[in-house]
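Overview (structure and organization)
As a plain string of letters, each chain reads:
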Amino acid sequence: MEGLLGKLRKLDAYPKINEDFYNRTLSGGLITIATSIIMFLLFISELRLYLRPITETKLLVDTSRGERLRINFDITFPALSCSIVSLDAMDISGEEHLDVKHDIIKRRIDTVGNVIGVRQDGIGAPKIEKPLQRHGGRLEHNETYCGSCYGAEASDNDCCNSCEEVREAYRKKGWGMSNPDLIDQCKREGFLQKIKDEDGEGCNIYGFLDVNRVAGNFHFAPGKSFQQSNVHVHDLQAFQKESFNISHKINKIAFGDYFPGVVNPLDGIQWIQDAPYGMYQYFIKVVPSVYNDINGQKIQSNQFSVTEHFRTDELGRVQALPGVFFFYDLSPIKVTFTEEHVPFLHFLTNVCAIVGGVFTVSGIMDSFVYHGQKAIKKKMEIGKFN
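Here is a short report on the structure shown in this document. Throughout, a residue's number is its position along its own chain's written sequence, starting from 1. Whole-chain, interface and lining totals are the exception, using all residues; otherwise, since this is a predicted model, local features are given only for residues with pLDDT of at least 70 and side-chain atom pairs are given and counted only at 80 or more. Side-chain metrics rest on all non-hydrogen atoms present in the structure, leaving aside hydrogens and water.

**What to know about the state of the cysteines**
So the rule is basically this: What counts as a disulfide here is a pair of cysteine sulfur atoms lying within 2.5 Å. Secondary structure counts use DSSP, requiring at least four H or I residues in a row for a helix and at least two E residues in a row for a strand, with both numbered from the N terminus. Type-normalised accessible area, obtained with a 1.4 Å probe on protein chains alone, sets the label of each residue: buried when under 20%, exposed when over 50%, and partly exposed for intermediate values.
Under the defined criterion, the tally for this structure stands at 3 disulfides. The residue that forms a disulfide with Cys-149 is Cys-160, at a sulfur-sulfur distance of 1.9 Å. Here Cys-149 and Cys-160 share a disulfide; its torsion about the S-S bond, 95 degrees, makes the bridge right-handed. Of this pair, Cys-149 sits in the loop between strand S5 (104-109) and helix H3 (163-173) while Cys-160 is found in the loop between S5 and H3, placing the two residues 11 residues apart along the sequence. One exposure class covers both Cys-149 and Cys-160, and it is buried. Linked covalently through their sulfurs, Cys-163 and Cys-186 form a disulfide whose S-S length is 2.0 Å. Between Cys-163 and Cys-186, the S-S torsion sits near 85 degrees, and that sign places the bridge as right-handed. Highlighted residues: Cys-163 in helix H3 and Cys-186 in helix H4 (residues 184-189), separated in sequence by 23 residues.

And the structure:
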């Protein structure tokens, strides 16, 4: 037994020295204090990294099909009134959403940017007590109102009882409305007067679009849109204006829900129009993204990159439709972000490396200082004897 213990004793890599042979120095004490502080700070730093989840990023081919794309937006037009600007969306599959009104909110703003109270429709309109019936006479007290669509009726039983319904019927026919005052409904509601009253105002539009997950575009432009000879056009004649200022500020635009670390490059972007007429275009590349947090929750969203272009009217070119256009396309690559904790063994290894590394370096420094002091002291003693 004694022989076995003796052999184990010979394997000791840490031989002990009697305390009588220790030589403690002031420099050694200072280095020990500094070393302890450095070890403590490095340990706290490593502990924080261990407690905080890390994010691992992977690139995969996007194999998802039949999903929808949600576009959240908040855009301010300081020089376009809410009664003028409209929102359209369309994609390469042929689906169109013209003059979108659901899931969006328009707020009238003044030149400073303050929100103006909503005004009731019809204020400022001429006082015509009896609307004009489709048959040409005025509405009597015992009749049901059925206004004329002025030739845009899809069938003999169609009625247009408001200016908006007449404009919608014209849109479906692909017609433009040259003079709203010739339309009884628009004249009674004060369509042109309302536009004149809102002249100089701005509009803040926010909400979301739910579209197919394919390439497409959505745009904010003045006038009601319609198809004419398979061409998407906007009826601008009704506003009786020569130019439209499409200066705008993008408060927020996102293709999907927010997730930690996402950067939307268009947030806070502002553009001021100098030319009298033109079209501002954003070309967006949407990258599908999936974020898996530490609790197992999955967020399906998107990131995007963007380039910009302003198209003005040039000689020999077709006149550009005034408006702000967002053309988007989807990347075939999906990015996945996964939150996970650092393994405990990895944390333990780093702590051991910190302790061992700092202790070794401090030992080298202490040895260097100690032997340097001895050498200097020895030279000083030799100098005294000489």
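That covers the picture; the talk isn't over yet.
**Some points on the pattern of salt bridges**
Operational definition: The rule for a salt bridge is simple: a side-chain nitrogen of Lys or Arg has to be within 4 Å of a carboxyl oxygen of Asp or Glu.
By the definition in use, this model includes 6 salt bridges. Between Asp-62 and Lys-334 there is a salt bridge, with the nearest N and O atoms lying 3.7 Å from each other. With Asp-62 in the loop between strand S1 (54-61) and strand S2 (68-77) and Lys-334 in strand S15 (residues 333-340), this residue pair connects regions lying 272 residues apart in the sequence. Exposure class is identical for Asp-62 and Lys-334. Each is buried. Between Asp-99 and Lys-101 there is a salt bridge, with the nearest N and O atoms lying 2.6 Å from each other. Relative accessible area serves as the criterion here: at 13%, Asp-99 is assigned to the buried category.

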